[in-house]
Amino acid sequence: MRIILINPLYKNLYGEMQSTLGLFPPLGLAYIASVLQSKGHTARLLDMEAESLDEEGLIAEISKFAPDLIGIYSS
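Predicted model, so just to flag it, every value in this text is computed and none were measured.

What counts, and at which threshold
Residues numbered from 1 in each chain as written. Predicted model: local features only at pLDDT ≥ 70, side-chain atom pairs only at ≥ 80, totals over all residues. Heavy atoms only, no water. Helix = DSSP H or I, 4+ residues; strand = E, 2+ residues; numbered from the N terminus. Buried < 20%, exposed > 50% of the residue type's maximum accessible area, 1.4 Å probe, protein only. Contact = heavy atoms within 4.5 Å. Areas by Shrake-Rupley, 256 points an atom, 1.4 Å probe, with all protein chains shown as cover.

**Quick notes on the overall build of the protein chain**
A tally of regular secondary structure across the protein chain gives four helices and three strands. Looking at the protein chain as a whole, 29% of its 75 residues are labelled buried. In the protein chain, 67% of the contacts between residues at least 6 apart in sequence involve partners at least 24 apart. Approximately 5200 Å² of the protein chain is accessible, and the part contributed by carbon and sulfur atoms is 59%.

Shown next as structure tokens:
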């Protein structure tokens, strides 16, 4: 199974606070991707913030990867 795990943008969400938030790697998604790969799945982690992707870029990346399943981080 092809699975893409997405860490969405948060800068636009927090506005003025964005500079104080910093850039943190999505370790939880990385752990999940690692377990999926160890079980024989093809997993990709897409960090929109780190890769400077907007919504159009996200759609293009999803289309290229053609996943069977999409997971999206939320807090």
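Once you've had a look at it, read on.
**Notes on unusual backbone geometry**
Both trends apply: most residues other than glycine have a negative phi, and most peptide bonds are in trans. Here Ser52, not a glycine, exhibits a phi torsion of approximately 50°, which is positive. With a phi close to 50°, Ala66 is a non-glycine residue in the positive phi region. With respect to the helices and strands, Ala66 occurs in the loop between helix H4 (55-65) and strand S3 (69-72). Using a relative accessible area of 47% as the deciding quantity, one classes Ala66 as partly exposed.

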